[in-house]
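For reference, the chains in residue letters:
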Amino acid sequence: MEERLKQAVRDIVGPENYSEALIDLISHTYDASAHHHRPDVSVWPVNTKQVSRLLNLAHAHHLTVTPRGAGTGLAGSAVPACSGMVLDLCRMNRIVDIRIPDRVAVVEPGVVYQDLQKALRPYGFFFPPDPASGKVCTLGGNVATNAGGLKGAKYGVTRDYVLGLEVVLADGRIMRSGSGCMKSVSGYDLTHLLVGSEGTLGIITEILLKIDPLPRAVRTTLAMFEGIAAAGRCVSDIIRSGVVPSVLEILDENTLKVLQNHSKIPLPRGKAMILAETDGYTEAEADFQMDRVTKVLKRHRAKEILQAGTAQESEQLWEARRAAGSVAANLRPANVSEDVTVPISKVPDLLIGISTIVRDHQLPFVVFGHAGDGNLHPKIMYDPTDADEVRRVTRASEAIFRLTCRLGGTLTGEHGIGMAKAPYMGLEHDAVALDVMAALKRLFDPHHILNPGKMGFPPERECA
Ligand SMILES: Cc1cc2nc3c(=O)[nH]c(=O)nc-3n(C[C@H](O)[C@H](O)[C@H](O)COP(=O)(O)OP(=O)(O)OC[C@H]3O[C@@H](n4cnc5c(N)ncnc54)[C@H](O)[C@@H]3O)c2cc1C
């Protein structure tokens with residue numbers, strides 16, 4: 001990157017929001033995946049006007065720009081694959097407005113997920129998506145990856161709550177999309193096109209979110225099974241039973257072993273576990289749904305069924321579930337964490353298929369996930385300095401993607417395409433759909449300056 005361009009960038013944000021220091025460049029080289037690439041400069045804009053001026057400059061000089069939230073992404077989406085400028089939005093972190101009678105919260109992109117929850121709690125409201133990284137990830141990152149979480153089965157994902165956006169386009173123009181209304185069919189739905197676009201179409205500078213009243217009653221139950229296939233079949237039947245649990249998670253034998261060995265929470269022995277939560281605005285409502293769930297668990301011969309007696313016991317179980325990925329990661333220096341998703345009825349097939357594939361590639365792995373919405377997280381551990389293990393983990397991941405697509409599923413339910421899944425877009429999307437995506441990219445970002453190297457666009461167009 002030329003010196004005069006660096007100076008122009010520094011002039012826009014001020015020296016306090018600009019860095020070429022190695023420590024900052026290295027921090028912005030990584031996200032939570034194994035991908036990495038170093039940027040030329042790191043920038044922390046503090047308002048929309050600065051973002052607009054930066055993009056205007058970048059557009060004119062074909063300078064690549066990679067937006068970034070907290071860098072917790074698991075697909076390499078925030079890694080600056082073509083160097084250039086990292087635009088770290090974490091200093092735009094104001095909760096601008098909370099309008100309870102409208103069911104709307106207005107936030108800047110750098111607000112941390114959990115900080116919005118804390119601000120909403122006194123009003124008896126919440127923002128449901130609940131990513132396990134909620135203590136650190138930003139709402140801008142959540143919108144850009146369409147993040148989901150434990151409550152997806154009942155409450156959906158981030159996209160279901162984004163009403164409107166302020167976005168800075170690649171050439172620096174500022175666009176508002178959507179509105180603070182609960183419904184609108186006015187024009188094309190630009191808001192939802194931008195949700196999940198991973199910073200490739202524009203920089204999100206303000207978000208209008210729909211919020212929900214907090215349920216007042218919650219029941220949590222765990223059930224142990226003889227095998228993962230039996231637990232998978234039970235999940236399908238719970239969904240068929242006519243109630244939608246607020247959380248319906250599945251953990252395989254390997255995950256249970258890792259948790260038993262490394263976490264302080266005592267868990268019963270078994271080969272698979274289902275963790276279910278029901279909620280409602282009255283105790284009777286939560287009980288009614290949990291009774292239905294329990295009947296199905298019994299019909300499927302769950303070995304042991306335990307209900308959390310207190311809110312504290314219940315929170316302990318969810319803490320264990322949230323920790324599963326991080327605890328398993330300790331088994332090897334590196335891991336890939338996938339988030340393949342299939343129609344709910346295909347969960348048993350995917351569970352069995354994943355276990356067979358990874359076992360055949362002889363790598364340590366765990367499988368857990370949000371079975372209630374068909375989203376599973378196979379996590380495969382490997383040593384990045386061992387070329388053979390790297391080859392095996394790549395092959396195993398590809399085999400999992402192929403199986404998922406054969407089952408009518410999708411490469412990613414919540415982590416995004418990023419660099420990790422870019423080579424596999426053709427497995428899921430037909431040539432016409434890929435063509436339309438490429439045309440949209442050209443329309444929004446004719447010079448391909450926004451987050452290049454992601455989404456599977458032809459590499460020769462990227463990193464110019
Ligand atoms: C321990 C752990 C648990 C996790 N659990 C979950 C989970 O349960 N569910 C889930 O969905 N994910 C999960 N993740 C993945 C990750 O936390 C999410 O993808 C999250 O949404 C990323 O937010 P971030 O602020 O870290 O964004 P980053 O990783 O910094 O960026 C993610 C993407 O968003 C883009 N972006 C960021 N801000 C903007 C902006 N303002 N405008 C335009 N583009 C932008 C970036 O360019 C990048 O493409 C987990 C990660 C970890 C490490």
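Residues numbered from 1 in each chain as written. Predicted model: local features only at pLDDT ≥ 70, side-chain atom pairs only at ≥ 80, totals over all residues. Heavy atoms only, no water.

## Some thoughts on the nonpolar core
Step number 1: One finds F225, L297 and I380 to be the most contacted residues of the largest nonpolar core, which totals 50 residues.
Step number 2: Those residues in contact with I380 that lie beyond four places of it in its chain are A334, N335, V336, V358, L363, P364, F365, V393, A396, S397 and I400.
Step number 3: Ranked by size, the runner-up nonpolar core spans 29 residues in total, among them V111, I204, I207 and I211. (Core = buried A, V, L, I, M, F, W, Y, C linked by side-chain atoms within 4.5 Å. Buried < 20%, exposed > 50% of the residue type's maximum accessible area, 1.4 Å probe, protein only. Contact = heavy atoms within 4.5 Å.)

## A word on helix α8 (residues 228-240)
Step number 1: An ideal rise of 1.5 Å per residue puts 18 Å on 13 residues; α8 measures up with 19 Å between its terminal C-alpha atoms.
Step number 2: If you check which residues of α8 are buried, you get I228, A229, A231, G232, C234, V235, S236, D237 and I238.
Step number 3: Buried residues in α8 make contact with β12 (217-225), β13 (247-252), β14 (272-280), α10 (283-299) and α12 (347-360).
Step number 4: In the stretch just after α8, G242 is the one whose phi turns positive, near 100 degrees. (Helix = DSSP H or I, 4+ residues; strand = E, 2+ residues; numbered from the N terminus. Expected span 1.5 Å × (residues − 1).)

## Quick notes on the environment of S133
Step number 1: Note on placement: S133 falls in the loop between β7 (125-126) and α5 (139-145).
Step number 2: When the C-alpha atoms of S133 and V195 are compared, they prove to be 18 Å apart, with 62 residues separating the residues in sequence.

## Thoughts on the sheet that holds strand β9 (residues 174-178)
Either a parallel or an antiparallel arrangement is found when strands of a sheet pair, and the pairing is made through backbone hydrogen bonds.
Step number 1: The 5 strands lie next to each other as β5-β6-β10-β8-β9, forming an open sheet whose pairing is antiparallel. What marks the edges here is a single partner per strand, and that holds for β5 (95-99) and β9. Geometrically, the sheet is characterised by an average inter-axis angle of 10 degrees between neighbouring strands, direction not taken into account.
Step number 2: Two strands pair when backbone bridges link them, and β5 and strand β6 (residues 104-107) are joined in this way by 4 bridges, in the antiparallel orientation. (Pairing = 2+ DSSP bridges. Axes fitted to C-alpha atoms, helices over the stretch in contact; angles between N-to-C directions.)

## Regarding the packing of helix α1 (residues 3-13) against helix α3 (residues 48-61)
Step number 1: Running from amino to carboxyl end, α1 crosses α3 at an angle of 165 degrees, the nearest separation of the two axes being 9 Å. Here α3 runs roughly antiparallel to α1, going by the angle between their axes. The crossing of α1 and α3 is right-handed. Contacts from R4, L5, A8, V9, I12 and V13 in α1 reach Q50, R53, L54, L57 and H61 in α3.
Step number 2: Residue composition of the contact of α1 with α3, grouped by class: 7 nonpolar, 2 polar and 2 charged. (Parallel < 35°, antiparallel > 145°, perpendicular 65-115°, else oblique. Left-handed = near helix turned anticlockwise from the far one by under 90°. Nonpolar A, V, L, I, M, F, W, Y, C, P; charged D, E, K, R; others polar.)

## Here we look at the domain arrangement of the protein
Step number 1: The assigned domain composition of the protein is domain 1 (3-88), domain 2 (91-213), domain 3 (217-406) and domain 4 (422-461).
Step number 2: The partner domain 4 presents 9 residues to the 11 residues of domain 2 that form the contact.
Step number 3: Carbon and sulfur atoms make up 74% of the surface buried where domain 2 meets domain 4, a total of about 930 Å² over both sides.
Step number 4: It is A170, T200 and L201 in domain 2 that bury the most area against domain 4; as a group they hold 55% of the surface buried on that side. (Domains from an automatic or database assignment. Buried area = accessible area lost by both parts, 1.4 Å probe.)

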